[in-house]
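# Observations on the three-dimensional arrangement
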Amino acid sequence: MLFRSKRDADGQPLLVLISLFDASERRRYERELLQERSRAEQRAAAATALAHISEGVVLVDDDRRIRLLNKAAERIFAASTEEAGGRTLADLAADWRTVEARIPVGAGDGETPLPAVVPLQLLNGSRWLAIAAQRAPEGIVYTIRDVTEERRLEHLRDDIVAIVSHELRTPLAGVYGAA
């Protein structure tokens, strides 16, 4: 609302102008701006969280083309999102097509499938990866954890247990058995 008046020499009003305008469109626009700002802040927070988690996250579209790799996935696949964008995971891992069939894919209903632990030949060598997937509106989201070192330690432990078990079954055979 705009209010203006014109007065005579004695201060008496001669003319009063009042302008009214409908501000509902402006208020709607301001509400939309605030909502969009809130959504942008939420997307920024999600991007920050995605960049700082230790598991690799890969989003592929319905044509299996890579749309996003987080930092952990970039390390696993030795490729940035810019380098991998538009390519398929088979371009980054020679045996992906074989392994893909073994990866459980959740329906996107909140139920998280147990990951498949699979060996994968990558550009930077062979790795053991725990991989699970979820359907999303934009395609499939894969979560990937490198378990190569855990597998190596597991095999080392199994070897030690086998040696100790063998030694316990055949105690000092080398010392007393040669008599």
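For clarity, every value in this text was computed on a predicted model and none was experimentally measured. (Residues numbered from 1 in each chain as written. Predicted model: local features only at pLDDT ≥ 70, side-chain atom pairs only at ≥ 80, totals over all residues. Heavy atoms only, no water.)

Relative to the helices and strands, V60 resides in strand β3 (residues 56–60). Along the backbone, V60 and A73 are 13 residues apart, and their C-alpha atoms lie at a distance of 13 Å. Excluding its chain neighbours within four sequence positions, the residues that come into contact with V60 are R65, I66, R67, L89, E138, G139, I140 and Y142. (Helix = DSSP H or I, 4+ residues; strand = E, 2+ residues; numbered from the N terminus. Contact = heavy atoms within 4.5 Å.)

This brings us to the layout of surface pockets. Size it by volume and the largest pocket reaches roughly 190 Å³. Contributing to the lining of the largest pocket are E55, T112, P113, P115, A130, I131, A132, A133, Q134, V141, T143 and R145. Secondary-structure elements contributing two or more residues to the lining of the largest pocket are β7 (125–136) and β8 (139–146). When residues of the lining of the largest pocket are assigned to their parent elements, the largest contribution, five residues, is made by β7. Tallied by class, residues from the lining of the largest pocket come to seven nonpolar, three polar and two charged. (1 Å grid on protein atoms, 1.4 Å probe; cavity = no way out; pocket = protein on both sides within 12 Å on 5 of 7 lines; lining within 4 Å. Points joined across faces, edges and corners; volume = space filled by probe spheres on them. Nonpolar A, V, L, I, M, F, W, Y, C, P; charged D, E, K, R; others polar.)

So, about the pattern of salt bridges. Overall, the coordinates contain nine salt bridges when judged by the stated rule. Salt-bridge contacts for E36 lead to R39; the nearest nitrogen and oxygen are separated by 3.0 Å. Linking E36 with R39, this pair stays in helix α1 (residues 24–52), spanning three residues, or about one helical turn. With a closest N to O distance of 3.3 Å, E41 and R37 form a salt bridge. You can see E41 and its partner R37 sitting in helix α1, four residues apart, about one turn around the helix. Residues joined in a network through salt bridges with shared partners are E25, R28 and E32. (Salt bridge = Lys/Arg side-chain N within 4 Å of Asp/Glu carboxyl O.)

Attention now goes to the nonpolar core. Ranked by internal contacts, the top residues of the largest apolar core, which has 26 residues, are V58, F77, W96 and Y142. When residues of this core are traced back to their parent elements, those giving at least two are β3, β4 (66–69), α2 (71–77), α4 (89–92), α5 (96–100), β6 (116–122), β7 and β8. Looking at this core element by element, the count peaks at four residues for β6. Beyond its immediate sequence surroundings of up to four residues, W96 is in contact with L89, A90, I103, L120, I131 and Y142. (Core = buried A, V, L, I, M, F, W, Y, C linked by side-chain atoms within 4.5 Å. Buried < 20%, exposed > 50% of the residue type's maximum accessible area, 1.4 Å probe, protein only.)

We now examine the environment of V58. Mapping V58 onto the fold places it in strand β3. Taking C-alpha positions, V58 is 9.5 Å from A72, a pair spaced 14 residues apart along the chain.

What the rule picks out here adds up to one aromatic pair. Where W96 meets Y142, the ring centres are 5.3 Å apart and the plane angle is 85°; that geometry is what we call edge-to-face. Of the two residues, W96 is situated in helix α5 and Y142 in strand β8; the sequence distance between them amounts to 46 residues. Taken individually, W96 and Y142 each receive the classification buried, so the pair is uniform in this respect. (Phe/Tyr/Trp six-rings, centres within 6.5 Å; stacked < 30°, edge-to-face > 60°.)

Further remarks concern the pairing of β4. Sheet topology places β3 next to β4; three bridges connect them, and they run antiparallel. Bridge pairing in β4 links V60 to I66. In sequence, β3 turns back onto β4 through a hairpin of five residues, with R64 there showing a positive phi of about 70°. (Pairing = 2+ DSSP bridges.)

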